[in-house]
Amino acid sequence: MCKRDSVWHGRKVLCWETQLSYVHVVRSRVWKCIKKKTTPHACLLNSIIVIMNCTVVQVTAVPDLFLTAVKLDHDVTGAQYLHAARDDSNNLFSVQFRTTPMDSTGVPHILEHTVLCGSQRFPCRDPFFKMLNRSLSTFMNAFTASDYTMYPFSTQNAKDFQNLLSVYLDAVFFPCLRELDFWQEGWRLENENPTDLSSSLVFKGVVFNEMKGAFSDNESLYAQNLQNKLLPDHTYSVVSGGEPLTIPDLTWDQLKNFHSTHYHPSNARFFTYGDLPLEKHLKQIQEEALSKFWRTEPNTAVPSQIRWNKPREAHVNCAPDALAPDPAKQNTLCVSYLLGETGFEEERIEALLHKIEIQMKHQSASFGLALASYIACCWNHDGNPVQLLKITENVSRFRQCLQENPRYLQDKVQHYFKDNSHKLTLSMKPDEQYLEKQIKAEQEKLQQKILALSETDRKDIYEKGLQLLSEQSKTQDTSCLPELKVSDIDSTIPCTPVQMGTAGGVPVQYCEQPTNGMVYFRAMCNLNTLPEDLKIYIPLFCSVITKLGSGELDYRQQAQQMELKTGGMFVTSQVIPDTADLDLYEQGVLLTSSCLERNLPGMFQLWSDIFNSSRFDDEERLRVLVMMAAQELSNGISSSGHMYAMTRAARSLTPTANLQETFSGMTQVTFMKRIAEMTDVTSVLRKLPRIKRHLLNVDNMRCSVNATPQKMADVTVELERFMDNIASTRKERKPVRPVIVERPLDPHAPAGSVASRKLISEPNFKPCQMKTYFELPFPVNFASECVRTVPFTHEDYASLCVLGRLMTAKFLHGEIREKGGAYGGGARMGGGGLFAFYSYRDPNCSQTLAAFRKGVEWVCDGKFTQQDVDEAKLSVFSTVDAPIAPSDKGFGLFVNGISDEVKQAHRERLFAVMRKNLIDVAGRYLGFGQSTRGVAVLGPENESIKKDPSWVVK
């Protein structure tokens, strides 16, 4: 324990009360400077302030980001600290350590998992996951990068911030690092059936399975190899997350040693953000962590890579992607740097600088987390994070360089690309035997470990397996953990005022918000008149319609104008379930864009050109876009396989889910693969203008705008002009299916008014049971089971929401992750009235499907308390009350028709949920034979499923 008097390093240290007062004065004056957009006076910036053994070394106003950056050093340990004071209630804390492994055992990654499994003050198993249900956090996670490990959280509740800070500090600085936790989270040899000594020994472990899944993603595999081979002399030559066949070489002692050498305040960087006072953060961090350490000299710096004197080449194999376009029919795309006299066009440079300005102006709901991620790499290598925040200054310096040297960028390209001998050309191609080779290599590694075992070792493994299973099955005493109460939650929601109007006869929702000089535009166009045979092409249409060119602009010119005038223009497919009837839904496409206020006319002109004169004459451009879209879909499966499994499992349960699967599920993936492999895409090209005539039609539209009150009048004028410009698209067409119901956007407006959502039904759709297995070249599974239940406004919906969180935290997490070794799994209630179970990067899909059923039995047997229910409520409310950016206020009303009144009613039903309600809804909706359900699994070859006639194998 460090004890210091009032003098430190020869400087007078003010008493705490005086320091507090002084800092308040400094902050007050700096904030005044920010409001006036001036720099704080030098006397303020140069004042020596020491707070809780932390010396303020820099106070910088950053008016671009509306914050004050305060940089401090901890005198005793050398820990670095940055505080970003900003008028934002979503406060964030992060601590990161420079972690530079020298092998691919995944020690920093496994350590990241293991420190969160219990600590000195909070010795219960998995306090991290348990705090998810005892907190109103808006974010909780941990990340392992190539050379640092970060632990961030955010919350809007001051008490919650202190609670989470205590848990995080104790976790990283004083973890238990129990051997059993290392086995569970890292790797272990264990009997396949832990209770059967005669069953085969296999590799198990959460990180082991996670990294097997990660290495099944060819993009990740390529990126990892690129880094390893380009920077081969130090830490970047290894896999920080862990190479699956090297992970079993890590020992428990090595893990503990890595913690002792890397997880020290002298190797730490602390970051806080938001409107809570810095002084309280420093006091808590000092008392609970820093006061217990002395300075060390961590040997974690990364030396410069020795430059090569000539370029190199390398090759890597990968698994064939069964759902990607045929490589033989893909075009080879090359990127080259041109160093001609024209070089970089001025307009292109301005477009990129405009993009930076947009990023500064846009206010996200998780701005603190974005800042923490933005500064992490630079700060990790002792760069000044405050300098990174001075975006306008950096842009001005760049402009000055261009002015002084018109060939500034060409010189940089010459230096860093053309004349740089440290080049690597890395090629990757599919190997048909890749998976078989990986399986064989794992078996060889396993046999190598087994052959080294004595009979005593085998018995010890069996006994430890039983011990781990026993620990995983115990009910944990969580009384040591801090928590919020349901009574800490606000009983009412803040209202979001909107005004309903029209522009050119089109319904418009106006929402006045402090958007910081930005305008956010959305338009919903329904698909009700679109012929059925064209529906499957909608996602393709959405992905290409803003990338083909329009009017006088080819696709390159169009892209540049979009970057000059907007923050992006996007079109996405939408299938929106009704809030009161599972068999009703709205189908459409959502147009989304944003711009600086000065560029409002330019943004609407770009939309006008797309509506009036989209270009469908470039077959080669379409071919490239199709290839890119198909590849992107295929690449996304390995990282989002649980979403594809849930989407597929839900397909046979509601009309909404059926269409959603067509638009964004495996059906769409296989469809795009077929389109990408077509030798002639002319037939596809001809369908696009047909789709456009049905979709981009003024008669099918409703719009919303979020902007500042001062700019809303100008927005209205420009919106009217936009509607006049696209009036020629207006054409009344008969719906393919009759409109069943019109739901008014304004709950006080009469049904049938212009401001309404037109919902349809499919009378021929009948819910049915279906089990589908997609055999894919993955070493792990993604499994889901979905059950048809009730819509959003039903009285049981709230109970099912709480039930999902309860089952995840109190049963499924233990069964699927801890015992089963999957990276993740749980249950949740979806907005479309479907209750979904799921697992992610899962080695045991059959065991997991059985766990889903056992979870329902566990609830029906009432093996939980009202305290458990209250914790689940907290978890639900952390999502319900998640911060909403000004750009997104009113979005739920515009898209889903969910008004503040409907939200408040749902909130009151959540508060009213009791233990008996969960037992009731579990039995009535989730019990076997009670409701229609669907099952889907994506994963490797599975002989038992192939032999089961109840499964459809794809």
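It should be emphasised that the depicted structure is a prediction, and the values quoted were computed from it without experimental measurement.

A. Highlighting the environment of Ser543. Relative to the elements of secondary structure, Ser543 occurs in helix α18 (residues 538–544). Residue Ser543 is classed as partly exposed on the basis of its relative accessible area of 25%. Here Leu540 takes part through its backbone oxygen, which lies 2.9 Å from a polar atom of the side chain of Ser543.

B. Structural view of helix α21 (residues 619–650). Compared with the 46 Å implied by 1.5 Å per residue over 32 residues, the 36 Å span of α21 between its first and last C-alpha is markedly short. Burial within α21 is extensive, with 23 of its 32 residues counted as buried. The N-terminus of α21 is capped by Asp618, whose side-chain oxygen sits 3.3 Å from the backbone nitrogen of Glu620.

C. Structural detail: the packing of aromatic side chains. Under the definition given, this model contains 35 aromatic pairs. Taking 5.8 Å as the distance between ring centres and 90° as the angle between the ring planes, the aromatic pair formed by Phe611 and Phe722 counts as edge-to-face. Linking Phe611 in helix α20 (residues 600–613) with Phe722 in helix α25 (residues 712–725), this pair joins segments that are 111 residues apart in sequence. Residue class for Phe611 comes out buried when judged on its relative accessible area of 1%. It is Arg702 that lies over the ring of Phe894; its NZ or CZ is 5.2 Å from the centre.

D. Fine view of the nonpolar core. Grouped together as the largest cluster of nonpolar side chains are 72 residues, with contacts concentrated most on Phe93, Tyr151, Phe173 and Phe270. Counting residues per element, this core draws most heavily on helix α5 (residues 158–173), which supplies nine residues.

E. Molecular detail of the pairing of strand β23 (residues 756–761). Counted residue by residue, β23 has five buried out of six residues, so it is predominantly covered. In terms of strand pairing, strand β20 (residues 584–596) meets β23 through two bridges, oriented antiparallel. Bridging from a neighbouring strand, Leu584 pairs with Ser761 of β23.

F. Examining the confidence of the model for the chain more closely. With 91% of its residues at a pLDDT of at least 70, the chain reaches an overall mean of 90. Overall, residues 327–341 carries pLDDT values under 50, and its contacts beyond four positions in sequence, including any with other chains, amount to 19 contacts.

G. Fine view of the pattern of salt bridges. Scanning the model with the defined rule gives 49 salt bridges in all. The salt bridge partner of Glu483 is Lys485, with a shortest N-O separation of 2.9 Å. According to the relative accessible area criterion, Glu483 is buried, its value standing at 19%. According to the relative accessible area criterion, Lys485 is partly exposed, its value standing at 41%. Through salt bridges with shared partners, a single network forms among Arg134, Glu483, Lys485, Lys810, Asp868 and Glu871.

H. Representation of the sheet that holds strand β25 (residues 781–788). Here we have six strands laid out as an open sheet, ordered β26-β27-β25-β28-β24-β29, and mixed in their pairing. What marks the edges here is a single partner per strand, and that holds for β26 (824–829) and β29 (952–953). The sheet contact formed by strand β24 (residues 770–775) and strand β28 (residues 933–939) spans six bridges and is parallel. Bridging across to β28, Lys771 finds its partner in Val935.

I. The arrangement of helix α23 (residues 666–676) in detail. The buried fraction of α23 amounts to eight of the eleven residues, a majority that puts the element mostly inside the structure. Within the sequence span of α23, burial applies to Met666, Thr667, Gln668, Val669, Phe671, Met672, Ile675 and Ala676. Summarising the contacts, the buried residues of α23 are in contact with α18, α21, α22 (655–664), α24 (682–695), β24 and β28.

J. Inspection of the packing of α21 against α22 at higher detail. Where α21 meets α22, the axes come as close as 8 Å, and the angle between the chain directions of the two elements is 140°. Taken together, the axes of α21 and α22 lie oblique to each other. You can see that α21 and α22 cross each other, and the crossing is left-handed. Touching Tyr644, Thr647, Arg648 and Ala650 of α21 are Ala657, Gln660, Glu661 and Ser664, all from α22. When the residues that make up the contact of α21 with α22 are grouped by side-chain class, the tally is three nonpolar, three polar and two charged.

K. Main features of the packing of helix α28 (residues 866–880) against helix α30 (residues 900–912). Running from N to C, α28 and α30 point in directions that differ by 165°, and their axes come no closer than 10 Å. Overall, the two elements α28 and α30 adopt an arrangement that is roughly antiparallel. The two elements α28 and α30 meet at a crossing, and its hand is left-handed. Counted together, Lys873, Val876, Phe877 and Val880 of α28 and Arg907, Leu910, Phe911 and Ala912 of α30 form the full contact between these two elements. Looking at the contact of α28 with α30 residue by residue, the classes come out as six nonpolar, no polar and two charged.

L. Spotlight on the side chain of His74. Tracing the chain through its elements places His74 in strand β5 (residues 67–74). A relative accessible area of 2% means that His74 is categorised as buried. Polar side-chain contacts of His74 include one of 2.8 Å to the side chain of Thr77. The residues contacting His74, other than those within four sequence positions of it, are Met52, Asn53, Cys54, Ala79, Gln286, Leu290 and Arg295.

M. Representation of the environment of Glu471 within the structure. Here Glu471 is to be found in helix α17 (residues 455–473). Under the relative-accessibility criterion, Glu471 is labelled partly exposed at 22%. Distance from Glu471 to Asn917, taken between C-alpha atoms, is 30 Å for residues 446 residues apart in sequence. A polar side-chain atom of Glu471 sits 3.0 Å from a polar atom in the side chain of Lys474.

Analysis parameters
- Residues numbered from 1 in each chain as written.
- Predicted model: local features only at pLDDT ≥ 70, side-chain atom pairs only at ≥ 80, totals over all residues.
- Heavy atoms only, no water.
- Helix = DSSP H or I, 4+ residues; strand = E, 2+ residues; numbered from the N terminus.
- Buried < 20%, exposed > 50% of the residue type's maximum accessible area, 1.4 Å probe, protein only.
- Polar contact = N/O pair within 3.5 Å; in protein donor to acceptor, adjacent residues only side chain to side chain.
- Expected span 1.5 Å × (residues − 1).
- Phe/Tyr/Trp six-rings, centres within 6.5 Å; stacked < 30°, edge-to-face > 60°.
- Lys NZ or Arg CZ within 6 Å of the ring centre and 35° of its normal.
- Core = buried A, V, L, I, M, F, W, Y, C linked by side-chain atoms within 4.5 Å.
- Pairing = 2+ DSSP bridges.
- pLDDT = per-residue confidence, 0-100.
- Contact = heavy atoms within 4.5 Å.
- Salt bridge = Lys/Arg side-chain N within 4 Å of Asp/Glu carboxyl O.
- Axes fitted to C-alpha atoms, helices over the stretch in contact; angles between N-to-C directions.
- Parallel < 35°, antiparallel > 145°, perpendicular 65-115°, else oblique.
- Left-handed = near helix turned anticlockwise from the far one by under 90°.
- Nonpolar A, V, L, I, M, F, W, Y, C, P; charged D, E, K, R; others polar.

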